[in-house]
Amino acid sequence: MAKIKSTLPNMVLVLTAISVVSASALAAVYGLTKDKIDAAKSAKELKAVSAVLGGEYANEPNKDAITVKDASTGQEIKIFPAKKVDGSLESIAVKTFSNKGFGGRIELMVGMWKDGTINKVEVTDQKETPGLGTKMAEPAFKSQFEGKNPAKFVLKVKKDGGDVDAITAATISSRAASDALQKAYDAYLEYTGKGKTSGGDD
């Protein structure tokens, strides 16, 4: 077999061929795993919805879910309404986020009663510093929001004039969690038609 001459055009040709083969392989793997990845994400989402919703409801919140736009970023926030047999609202779960985390974007699922009072909070995605910002997912931090209504409980850390106890040495992460919760409350106000609060960080 004749040896390919080591010239620039030949090297470019070989590299192009390798790139095409690699891209094709990656596309094939993605195609095989996409459905499984999507199914895993949906299962995780449903688990979080179930964990934060309060009361008894007759509908399937995931099938009645709607999206609203966050005013400050234009990104979507997903709302899962839990309704009684007569169609009236029992509680809602809000899939919210903040881009202000120390490690970037964080995502929360927030359950609220029909009057806006927070029921439960679950951290569904974060890349914060282990042992510091990751404590936002622990009960010691999350439980302070349970039973609080953001109409009166200011969703800012105390250092910024709010009511939130920040995680020690993780103020940025605490601010991000507060920001995500504020977005959830704003989405609740929009969904229920009760207007928009002015207590957010943005």
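Structure: see above.
How each quantity is defined
- Residues numbered from 1 in each chain as written.
- Predicted model: local features only at pLDDT ≥ 70, side-chain atom pairs only at ≥ 80, totals over all residues.
- Heavy atoms only, no water.
- Helix = DSSP H or I, 4+ residues; strand = E, 2+ residues; numbered from the N terminus.
- Rg over C-alpha atoms; globule rule 2.2 N^0.38 Å.
- Buried < 20%, exposed > 50% of the residue type's maximum accessible area, 1.4 Å probe, protein only.
- Contact = heavy atoms within 4.5 Å.
- Areas by Shrake-Rupley, 256 points an atom, 1.4 Å probe, with all protein chains shown as cover.
- Lys, Arg positive; Asp, Glu negative; His and termini not counted.
- Charge placed at Lys NZ, Arg CZ, Asp CG, Glu CD.
- Pairing = 2+ DSSP bridges.
- Polar contact = N/O pair within 3.5 Å; in protein donor to acceptor, adjacent residues only side chain to side chain.

A. Summary view of the overall build of the chain. A tally of helices and strands in the chain yields 3 helices and 5 strands. The order of α-helices and β-strands along the chain, N terminus first, is α-β-β-β-β-β-α-α. The C-alpha atoms of the chain give a radius of gyration of 23 Å, which is well past the 17 Å a tight globule of 202 residues would have. Of all 202 residues assigned to the chain, the portion counted as buried reaches 36%. The long-range fraction of contacts in the chain, counting pairs at least 24 apart against all pairs at least 6 apart in sequence, stands at 48%. Working note: accessible area of the chain is about 11,500 Å², and carbon and sulfur atoms make up 58% of it. The averaged location of the 25 negative side-chain charges in the chain is 6 Å from the averaged location of its 29 positive side-chain charges.

B. Broad picture of the pairing of strand β2 (residues 76-83). With 4 bridges connecting them, strand β1 (residues 66-69) and β2 associate as antiparallel partners. Pairing of T67 across the sheet is with K78, part of β2. Hairpin remark: β1 followed by β2, antiparallel, with 6 residues in the connecting loop; positive phi at G74, about 80°. Pairing of β2 with strand β3 (residues 89-101) involves 6 bridges; the strand directions are antiparallel. If you follow F80 over to β3, its bridge partner there is A93. With antiparallel pairing between neighbouring strands as the criterion, β2 and β3 make up a hairpin whose turn holds 5 residues, including G87 at a positive phi of roughly 90°.

C. The arrangement of the environment of K142 in detail. Along the chain, the position of K142 falls in helix α2 (residues 139-142). Using a relative accessible area of 12% as the deciding quantity, one classes K142 as buried. Sequence spacing of K142 and S88 is 54 residues, and the spatial spacing of their C-alpha atoms is 28 Å. Residues in contact with K142, not counting those within four places in the same chain, are V121, E122, V123, M136 and A137. Side-chain polar atoms of K142 contact the backbone oxygen of V121, separated by 3.4 Å.

D. Just the environment of Y188, in detail. Checked against the element boundaries, Y188 lands in helix α3 (residues 171-192). With a relative accessible area of 1%, Y188 lands in the buried category. For Y188 and D115, which are 73 residues apart along the polypeptide, the C-alpha to C-alpha distance reads 9.3 Å. Non-local contacts of Y188, meaning those with residues more than four positions away in its chain, are made with I92, M112, W113, K114, D115, G116 and K194.

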